[in-house]
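Residues per chain, in single letters:
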Amino acid sequence: MGKHPRQQPAAQLSRRSFVGYVVGGTSLMVAADLTHGAAPANALPIPSLPQVPELYDLNDFLTHCALPTSMLVGITIDEAGDAHFALPRMEVGQGITTAVAMLIADELDLPIERVHVTLAPARPELLFNQLTGGSNSMVSLYTPIRVAAAVARKSLLEAAAILLGSQVTFLVAKLGVITGPGGASVTYAEAARDAASPTSRKVSVELKEAAERSLVGKPHKRIDALDAVTGRKQFAMDLDVPDALPTMVCRAPDLNGTARAVRNEAAVAAMPGVTHVAIIATGVAVRARTFGQCIDAVRAMDVDWKAGTVPGKNSGDVLKELRRAQLPLLVPKLGATSLDGEFVFHFRSGSALEPNCAVADVRADSATVWGGLKSPITAQGLIAKAIGLPQSKVTVNVVQGGGSFGRKLFSDAAVEAARASKAFGAPVKLMWHRADEPRQGRVHPMATSRIRATTLLGSIISFEQRHTSVSTDFTHGLGERLTAEAAALPTGLGNLAFSESVFLLSQELPYNFGVITQLLNETNLDPERFNTSSVRNIYSPDVATANELMVDQLAARLKKDPVAFRRAHLKNKMVKRVLERAAELGEWGKEMPAGTAQGIAVHKEYKGATAVLVEIDCRPATVNRKVRDAVTGPRVTRVTVVIDAGVVINPTGIEAQMMGGFSDGMAQALTYSNHLIDGHFLEASWDNSAYTRQWNTPFEFRCEVMESESKEPGGVGEAGVAASMAAVACAYARATGKMPTEFPINFNDQLHFQPKSFVPSVPESPTDGLDHTF
């Protein structure tokens, strides 16, 4: 009998073994396929009484959404042997382009200077895989990028083996050169020509162990640092698009008011430099030779305005609505065994350092838009809808941005620019004025958090939290048009489903407090009533601040030290480690002068854990210190941040994110807010909103990135905010002897600024550019 070939067993993939593809084409193009062997969402065993994020959190959800199209994100090796990667995320200062370059360089054995990371334009075929948010970028891209780089390296080695007449196992790849046993070598450029495949084929690879990496895990400067400090880094307003002239919008005095008519349109159109004037959906757009001329034209306009979406409303009115919408607490109040707290969190602006801006060139049958967009596929659909073109006729180019804080999840400026360009029949370079941002831009929604904890015989037997918020706008969906349209359904219920899902998948109380319930209710179901967004860390800063203040109150009631109490009740080893290390580094329990105190808080999210310990000075001499044109008040003098972020790619980047996150958290606790009065926000600048400034920053800041037991990276872009805000609040309570219940704590103080005019909507343009800040 003849012999039959032995049937090969199905390939089994280990933790280091993956499948990728060499994509057919004239150059070497590779990609990863992570759908092979992907674990189902419910693979984890169910422990007793866990909260949802302990089993399956927002990062798991976003990562699973991105998996099906992971093989469409690939690395290309060019004729010079350099690697190119079009990142399907947006760089807004968080450093992901640097982290991605480090991953590729390590896995590919290529100098990082020869790894070129750009931002991908809108690619509808990526579906849910082009959304920057939830601190998910490195969590979801970590393995696909490494697999693609490993496939490229293997393909280059195979091509080099043929060129050198050797076996792959005898070759050494280093710094873009492949060397054989006898010393003969070929460059990646030489090997890449032969590595390109005319057809796509499946490739199995082994990823490098941590000990084999030379870059990942070690501090590295940002790859764009030199360009940033020398002015060569390109933001949207730096782009040289032919004939695109400065454009601004005159906006209504009321929040979301719209224009009926421009009474003096002819006079405005005749002003120096002005080329076009037109009413668009969000106001009156004006195009001119310079932005200064745009400002002058905006100030000269006499516009007939329609009322806004919250006419006559004040912050107090919104607070009453929120309290009426609060969900009931289930455990009855039981005298001394119950501990109740209610906390109010006011609106605050989500504006970034870079003003909202975009460039647009709309033609009769096509449109091209450039802007800082964290959800470019959704933006592409919205732009197409706004200007009446098929989505396939709209090209959306993603540009690096100067910050986001959730703001750039929305394409407001890009849609405005497209509308203006269509109305004018000319390209535009549209920029919001700084005064536009806090008044008409995206804000963190106002909210209340009501908590009841119940004690019995020295134990916590229940902890209930009812968080009630103005609707958080999630109409960007999951980064593509279908879910965006679903979230934007007129009833508001589609958006509410997103809100409830995000809250459920992100909020976790890391303590053993018996029966725990954390529920969200959002009022004002129409997300267009207020222009809200999932500002950095979304619900967590408010939720965690309320929780950690109550944890301190519980510790005090049970006569326990706050750190010891937390340590005894924490149920997660990772959180305990960061708590204990922060207490050690921050010298918890040291003697402090009267009027000063320490505060500590922890937060678990994004596959990691953060602990923050602060020292605050609330003595009258400090609180009442005078700084010219400044908001002072209590001063945080020392900060210790400890984070377990899983596998660390660039510790320098994490430290920078923790410093920025702390600045956010401290501002939200002490000074940063928007006042809603008579249907509009009073603040018209960062100074008005009282964000953290140099005179309020701590004298000492220390961040330690702990070595983790996790084998995967966690998210860090938002990880420092919640614990920072909570720690400052806890320190303030201990220093003053009174628990704060309204944030920021100075909200009801006399306004520190004279509100700028609402008509005209922007201050006059400066003439010297040196002495004035608006």
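Residues numbered from 1 in each chain as written. Predicted model: local features only at pLDDT ≥ 70, side-chain atom pairs only at ≥ 80, totals over all residues. Heavy atoms only, no water.

### Here we look at the overall build of the protein
Phase 1 of the analysis: Regarding its fold elements, the protein presents 21 helices and 31 strands.
Phase 2 of the analysis: What you see for the protein is a C-alpha radius of gyration of 28 Å, in line with the 28 Å of a compact globule of 774 residues.
Phase 3 of the analysis: For the C-alpha atoms alone, the extent of the protein along its principal axes is close to 90 × 80 × 50 Å.
Phase 4 of the analysis: Buried residues in the protein amount to 59% of all 774 residues.
Phase 5 of the analysis: Pairs at least 24 apart in sequence give 78% of the contacts found in the protein among residues at least 6 apart.
Phase 6 of the analysis: Accessible surface, the protein: about 31300 Å² in total, of which carbon and sulfur atoms supply 55%.
Phase 7 of the analysis: Taking the 77 positively charged and 78 negatively charged side chains of the protein as two groups, their mean positions are separated by 3 Å. (Helix = DSSP H or I, 4+ residues; strand = E, 2+ residues; numbered from the N terminus. Rg over C-alpha atoms; globule rule 2.2 N^0.38 Å. Buried < 20%, exposed > 50% of the residue type's maximum accessible area, 1.4 Å probe, protein only. Contact = heavy atoms within 4.5 Å. Areas by Shrake-Rupley, 256 points an atom, 1.4 Å probe, with all protein chains shown as cover. Lys, Arg positive; Asp, Glu negative; His and termini not counted. Charge placed at Lys NZ, Arg CZ, Asp CG, Glu CD.)

### Side note on the packing of aromatic side chains
Phase 1 of the analysis: Scanning the model with the defined rule gives ten aromatic pairs in all.
Phase 2 of the analysis: Here Y672 and Y691 contribute two aromatic rings whose centre-to-centre distance is 5.3 Å and whose plane-to-plane angle is 80°, an arrangement assigned as edge-to-face. On the criterion of sequence distance, the pair formed by Y672 in the loop between α19 (651–670) and β28 (676–677) and Y691 in the loop between α20 (686–689) and β30 (700–705) is long-range, its members being 19 residues apart.
Phase 3 of the analysis: With relative accessibility at 5%, the residue Y672 sits in the buried group.
Phase 4 of the analysis: Judged by relative accessible area, Y691 falls into the buried class, the value being 15%.
Phase 5 of the analysis: One aromatic cluster is present, formed by F463, Y511, F513 and F565 through successive ring pairs.
Phase 6 of the analysis: The ring of W432 carries R407 above its face, with NZ or CZ at 5.1 Å from the centroid. (Phe/Tyr/Trp six-rings, centres within 6.5 Å; stacked < 30°, edge-to-face > 60°. Lys NZ or Arg CZ within 6 Å of the ring centre and 35° of its normal.)

### Remarks on the pattern of salt bridges
Phase 1 of the analysis: Counting across every chain of the model gives 47 salt bridges.
Phase 2 of the analysis: The salt bridge involving K571 is made with E54; its shortest N-O contact spans 3.1 Å. Taken as a pair, K571 in the loop between α16 (562–569) and α17 (573–585) and E54 in helix α1 (residues 52–55) lie far apart in primary sequence, 517 residues in all.
Phase 3 of the analysis: One salt bridge connects D412 with R407, and the closest N-O pair in it is separated by 3.0 Å. (Salt bridge = Lys/Arg side-chain N within 4 Å of Asp/Glu carboxyl O.)

### Brief notes about the pairing of strand β15 (residues 338–345)
Phase 1 of the analysis: When you tally the buried positions in β15, you get six out of eight residues, the bulk of the element.
Phase 2 of the analysis: Bridge analysis of β15 against strand β22 (residues 447–456) gives eight bridges, and the strand direction is antiparallel. Residue pairing for β22: F345 is matched across the bridge by A447.
Phase 3 of the analysis: Here two bridges tie β15 to strand β31 (residues 742–743), and the two strands are oriented parallel to one another. Of the residues in β31, the one forming a bridge with F345 is F743. (Pairing = 2+ DSSP bridges.)

### So, empty space enclosed by the protein
By rolling a water-sized probe across the atoms, one finds the places where empty space is left.
Phase 1 of the analysis: In this structure the tally under the stated criterion is ten cavities of 30 Å³ or more.
Phase 2 of the analysis: By volume, the largest cavity is sized at about 130 Å³.
Phase 3 of the analysis: If you trace the largest cavity, you find it lined by R348, S349, G350, S351, F405, V535, R536, D664, Q668, Y672, W686 and Y691.
Phase 4 of the analysis: Elements that contribute at least two residues to the lining of the largest cavity include exactly β16 (348–349) and α19.
Phase 5 of the analysis: Considered class by class, the residues forming the lining of the largest cavity number five nonpolar, four polar and three charged.
Phase 6 of the analysis: Its volume calculated, the second largest cavity comes out at about 90 Å³.
Phase 7 of the analysis: Around the second largest cavity sit 14 residues that line it, and A252, P253, R439, Q440 and F758 are the ones nearest its centre.
Phase 8 of the analysis: Secondary-structure elements contributing two or more residues to the lining of the second largest cavity are α12 (436–440) and β29 (680–681).
Phase 9 of the analysis: Tallying contributions element by element places α12 first for the lining of the second largest cavity, with three residues.
Phase 10 of the analysis: Classifying every residue of the lining of the second largest cavity gives six nonpolar, four polar and four charged. (1 Å grid on protein atoms, 1.4 Å probe; cavity = no way out; pocket = protein on both sides within 12 Å on 5 of 7 lines; lining within 4 Å. Points joined across faces, edges and corners; volume = space filled by probe spheres on them. Nonpolar A, V, L, I, M, F, W, Y, C, P; charged D, E, K, R; others polar.)

### What to know about unusual backbone geometry
Phase 1 of the analysis: A cis amide bond links F743 with the next residue in sequence, P744, at an omega value of 0°.
Phase 2 of the analysis: With an omega of 0°, the peptide bond between V759 and P760 qualifies as cis.
Phase 3 of the analysis: With respect to the secondary-structure elements, P760 resides in the segment after β31.
Phase 4 of the analysis: The phi torsion at L457 lies on the positive side, around 55°, for a residue other than glycine.
Phase 5 of the analysis: Non-glycine residue E587 carries a positive phi angle of around 55°.
Phase 6 of the analysis: Mapped onto the elements of the fold, E587 is located in the loop between α17 and β25 (596–605).
Phase 7 of the analysis: Taking relative accessible area as the criterion, E587 reaches 40% and is therefore assigned partly exposed.

### A word on the nonpolar core
Phase 1 of the analysis: One finds F463, F513, V614, V636 and V728 to be the most contacted residues of the largest nonpolar core, which totals 68 residues.
Phase 2 of the analysis: Discounting chain neighbours no more than four positions away, the residues touching V636 are V614, E615, I616, F662, M666, L670, N696, T697, P698, F699 and V728.
Phase 3 of the analysis: Ranked by size, the runner-up nonpolar core spans 50 residues in total, among them M90, L110, L156 and A191. (Core = buried A, V, L, I, M, F, W, Y, C linked by side-chain atoms within 4.5 Å.)

### Here's the deal with the domain arrangement of the protein
Phase 1 of the analysis: Taken domain by domain, the protein comprises domain 1 (17–222), domain 2 (236–308 + 352–433) and domain 3 (315–330 + 337–348 + 442–743).
Phase 2 of the analysis: Relative to domain 2, the C-alpha centre of domain 1 lies at a distance of 37 Å.
Phase 3 of the analysis: Between domain 1 and domain 2, the contact holds 15 residues from the first and 19 residues from the second.
Phase 4 of the analysis: Approximately 1200 Å² of surface area, both sides summed, lies buried where domain 1 meets domain 2, with 65% of it carried by carbon and sulfur atoms.
Phase 5 of the analysis: Taken as a group, M90, V92 and A122 account for 40% of the area that domain 1 buries against domain 2, more than any other trio of residues on that side.
Phase 6 of the analysis: Seen at the junction of domain 1 and domain 2, the total is zero salt bridges.
Phase 7 of the analysis: Residue composition of the side of domain 1 that touches domain 2, grouped by class: ten nonpolar, three polar and two charged. (Domains from an automatic or database assignment. Buried area = accessible area lost by both parts, 1.4 Å probe.)

### Re the sheet that holds strand β23 (residues 459–470)
Phase 1 of the analysis: Taking strand neighbours across the sheet as the criterion, the five strands line up as β24-β23-β22-β15-β31 in an open arrangement whose pairing is mixed. On the outer flanks of this sheet lie β24 (515–523) and β31, each paired with one strand and no other.

### Things to note about the side chain of R348
Phase 1 of the analysis: Looking at where R348 falls in the secondary structure, it is placed in strand β16.
Phase 2 of the analysis: Here the side chain of R348 touches H346 through a polar contact of 3.3 Å, landing on its backbone oxygen.
Phase 3 of the analysis: Contacts of R348, omitting those with residues within four sequence positions, involve V443, H444, P541, D542, Q668, Y672, S673, N674 and M725. (Polar contact = N/O pair within 3.5 Å; in protein donor to acceptor, adjacent residues only side chain to side chain.)

### Some words on the sheet that holds strand β8 (residues 185–187)
Phase 1 of the analysis: Taken together, the three strands give an open sheet; going across it, the order is β6-β7-β8, and neighbouring strands pair in antiparallel fashion. Here the strands that pair on one side only, and so sit at the sheet edges, are β6 (172–174) and β8. This sheet shows a mean twist of 20° between the axes of neighbouring strands, independent of strand direction.
Phase 2 of the analysis: Sheet strands in contact with helix α4 (residues 137–164) are β6, β7 (177–179) and β8, and its direction is about 50° off that of β7.
Phase 3 of the analysis: Across the face of the sheet, helix α5 (residues 188–195) comes into contact with β6, β7 and β8 while running at roughly 80° to β8. (Axes fitted to C-alpha atoms, helices over the stretch in contact; angles between N-to-C directions.)

### Some details on the packing of α4 against α5
Phase 1 of the analysis: Where α4 meets α5, the axes come as close as 8 Å, and the angle between the chain directions of the two elements is 95°. One way to sum up the angle between α4 and α5 is to call them roughly perpendicular. Between α4, through S155, L156, A159, A160 and L163, and α5, the contact on the second element is made entirely by Y188, E190, A191, A192, D194 and A195.
Phase 2 of the analysis: Its residues placed into classes, the contact of α4 with α5 shows eight nonpolar, one polar and two charged. (Parallel < 35°, antiparallel > 145°, perpendicular 65-115°, else oblique.)

### Looking at α19
Residue pairs three or four apart in sequence face the same way in an α-helix, which turns once every 3.6 residues.
Phase 1 of the analysis: Over its 20 residues, α19 extends 29 Å from the first C-alpha to the last, a length consistent with the 28 Å expected when each residue adds 1.5 Å.
Phase 2 of the analysis: Most of α19 sits out of view: 14 of its 20 residues are buried. (Expected span 1.5 Å × (residues − 1).)

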